[in-house]
Amino acid sequence: MNTPHKTTSKPQQQYKISTKAISKSLLTGSVIAFLIIISPYIFYSYKSFPDTKIWETFIFTFESGFYEKVSVSFWTILGKFVPLYLLSIWFLTCKHWWYHVILIPMGMYLFQLIMAINDDVKFSDEIEIWYLIPIMAVIVPLVYLIRTKIFTSMHNPTLEEIEYELQNKKNIFSHFRDLFKS
C-alpha cells in the first residue's frame, strides 16, 4: 500500500530558513576564498612600485631610506603583511578550540611588519621574541586551560566531584597547580 505523504507549511518554512542559511554561508565562504585567492596578487604588487629611491605621487612622496629602492621596501613590507593577512583570516575563521595559538605567529609578523616599516632599523628580525614572550605567557596557559576543560568535560565528572569543585573556591594559581599534578 502506498500512503501519500502529507505536506505542511512548516517544513517548507524550515526549508526557506535553511536555504537562507546556506546562501549566507556560501556568500561568506566565497568572500573568504576570494580574500585568500588574492593574497599572491597582494604580495606581487611590489613589482608595480618603482625601482628608484624616491616615489612621488600627487598625494605624497615616499623616500626609501634603509632599503634604497621603493620596490625593495614594499617587497619587504608585503613579505611581512601577507602572512599576517592570511593568519588573520585563519584566526577569524578557525573553529577549533586552539585558535588563540594563532595569535603568536600573528604577533611575530606584526612586530616584523612594524620594524620593516621603520626605515631606521638595522636588523629587523632579532628582538621581536622579547615582545612576544608576554603574549605567549597569556595565550599558552589559556589554551592549556581550555584543553583541560574540554578533557574533563569529556570524562563526565561525578556529582560529588562537581560539588567538591564548587565548594572549594580556588584562585587561578590553585587551578594551575592542580593541572600540573601527576
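Residues numbered from 1 in each chain as written. Predicted model: local features only at pLDDT ≥ 70, side-chain atom pairs only at ≥ 80, totals over all residues. Heavy atoms only, no water.

Chemist: Let's hear about the side chain of Ser71: which residues, and what values?
Modeler: Within the secondary structure layout, Ser71 lies in helix H3 (residues 70–93). The exposure class of Ser71 is buried, given its relative accessible area of 8%. Within the structure, Ser71 has its side chain in polar contact with the side chain of Asp51 (distance 2.4 Å). Residue contacts for Ser71: discarding those within four places in its chain leaves Tyr46, Phe49, Pro50 and Asp51. (Helix = DSSP H or I, 4+ residues; strand = E, 2+ residues; numbered from the N terminus. Buried < 20%, exposed > 50% of the residue type's maximum accessible area, 1.4 Å probe, protein only. Polar contact = N/O pair within 3.5 Å; in protein donor to acceptor, adjacent residues only side chain to side chain. Contact = heavy atoms within 4.5 Å.)

Chemist: Kindly report on the packing of H3 against helix H4 (residues 103–117), identifying the contributing residues and their values.
Modeler: Contact geometry for H3 and H4: axes closest at 9 Å, N-to-C directions at 155°. Classified by the angle their axes make, H3 and H4 are roughly antiparallel. Crossing hand, H3 versus H4: left-handed. Only Leu103, Pro105, Met106, Tyr109, Leu110, Gln112, Leu113, Ala116 and Ile117 of H4 make contact with H3, whose side of the interface consists of Thr76, Ile77, Gly79, Lys80, Phe81, Pro83, Leu84, Leu87, Ser88 and Phe91. (Axes fitted to C-alpha atoms, helices over the stretch in contact; angles between N-to-C directions. Parallel < 35°, antiparallel > 145°, perpendicular 65-115°, else oblique. Left-handed = near helix turned anticlockwise from the far one by under 90°.)

Chemist: Could you give an account of the packing of aromatic side chains, with specific residues and numbers?
Modeler: Counting across every chain of the model gives 12 aromatic pairs. Judged by centre distance (5.4 Å) and plane angle (90°), the ring pair of Trp55 and Phe60 falls under edge-to-face. Judged by centre distance (5.8 Å) and plane angle (25°), the ring pair of Phe81 and Tyr85 falls under stacked. Of this pair, Phe81 and Tyr85 both sit in helix H3, four residues apart, which is roughly one turn of the helix. In this structure Phe81 comes out as partly exposed when scored by relative accessible area, which is 31%. Taken together, Phe49, Trp55, Phe60, Phe62 and Phe74 form an aromatic cluster joined through their ring pairs. (Phe/Tyr/Trp six-rings, centres within 6.5 Å; stacked < 30°, edge-to-face > 60°.)

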